[in-house]
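The residues making up each chain are set out below.
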Amino acid sequence: MRIARFTTGEDPMYGIVQEKDGRDMVYGITGDPLYTEIRPTGTITPLEDVRLLAPVIPRSKVVCVGRNYAAHAAELGNEVPDQALFFLKPNTAVVGPGDPVVVPSYSQEVSLEAELAVVIKRMAKDLSPEQVADHVLGYTCANDLTARDAQRGEKQWFRAKSFDTSCPIGPWIETDLDVAGPGGLSISSAVDGETAQQGSTADMIRSVAEIVAEISSVVTLLPGDLVLTGTPAGVRTVEPGAVIDVTIEGIGTLSNPLVRR
């Protein structure tokens, strides 16, 4: 099931994206699927006639894992850490499909990072990996935009990772996705149609279940929080004016332009 958050020019609402007669339609639902039972409103709108928004605005935080793909760690000259490397993005970093990513004034080198994002469904603390699936609503595409020059300039990554608009997500939440399958899911990024990254979630050092469980041992995850699971090799700098696509098998494509204010 694909859960979207959208607007037709009025207040944002949620809907289920389904194909009908070869055309994607958005079936409106009441309330917020994180907190209320999914019930149709009777409103049906062609997908091309709505503006998709970030499918969730995290209640408190976005937790990211760094260096979770060995080839990506190597391309930046880093070792794979013995202990999972976590960092935070604030909810003000989150934007939706088509929204511009604004390069911060202090950076001349912003790069893309395509990532699988986990949407938390219910409060989670001290989970075992086997308990994680019951606490996940679904998955979406994410782009962990990074001011690489700022990252090199200091030991902590607040300026590099947390600037406004640095975490586009979308286009929707896919609730039925097998992220633990042996073949993994293909994950890629492109700049103006030219492929940058091409990888698979099967190459993750730590699985989704392991990541979420370990994070929950540190902080309480709340409904709507996001967990970003790392990026494959091929990250590259993107110039203002370009459009970045992040595509994950079974979910779809998230597209955002990069601009300088």
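The structure under discussion appears in the preceding block.
First, a word on scope: everything that follows refers to the structure included in this document. (Residues numbered from 1 in each chain as written. Predicted model: local features only at pLDDT ≥ 70, side-chain atom pairs only at ≥ 80, totals over all residues. Heavy atoms only, no water.)

The number of helices and strands found in the chain is 4 helices and 19 strands. Computed over C-alpha atoms, the radius of gyration of the chain comes to 18 Å, within 12% of the 18 Å expected from 2.2 N^0.38 for 261 residues, which places it in the range of a compact globule. Once local pairs closer than 6 in sequence are excluded, the contacts in the chain between residues at least 24 apart make up 70%. Split by element, the accessible area of the chain, about 11600 Å² in all, is 49% carbon and sulfur. (Helix = DSSP H or I, 4+ residues; strand = E, 2+ residues; numbered from the N terminus. Rg over C-alpha atoms; globule rule 2.2 N^0.38 Å. Contact = heavy atoms within 4.5 Å. Areas by Shrake-Rupley, 256 points an atom, 1.4 Å probe, with all protein chains shown as cover.)

Another aspect to go through is the state of the cysteines. In total, this model carries 0 disulfides according to the counting rule given. The structure places no disulfide on Cys-167, whose sulfur is separated from the nearest cysteine sulfur, that of Cys-64, by 6.1 Å. (Disulfide = S-S within 2.5 Å.)

Glancing now at the pattern of salt bridges. Following the criterion strictly, the structure yields 11 salt bridges and no others. Notably, a salt bridge pairs Asp-225 with Lys-61, separated by 2.7 Å at the nearest N-O pair. Placement of the pair is Asp-225 in the loop between helix 4 (208-216) and strand 17 (226-228) and Lys-61 in the loop between strand 5 (51-53) and strand 6 (62-66), with a sequence separation of 164 residues. With a relative accessible area of 0%, Asp-225 lands in the buried category. Using a relative accessible area of 12% as the deciding quantity, one classes Lys-61 as buried. (Salt bridge = Lys/Arg side-chain N within 4 Å of Asp/Glu carboxyl O. Buried < 20%, exposed > 50% of the residue type's maximum accessible area, 1.4 Å probe, protein only.)

Right, let's talk about unusual backbone geometry for a bit. Cis rather than trans, the peptide bond between Gly-170 and Pro-171 has omega equal to 5°. With respect to the helices, strands and loops of the structure, Pro-171 is situated in strand 14 (residues 167-174). The phi torsion at Asp-21 lies on the positive side, around 55°, for a residue other than glycine. The topology assignment puts Asp-21 in the loop between strand 2 (13-20) and strand 3 (23-29). Positioned with a positive phi, Asp-126 is a non-glycine residue whose angle comes to about 55°.

Purely spatial values, then, with no claim about function.
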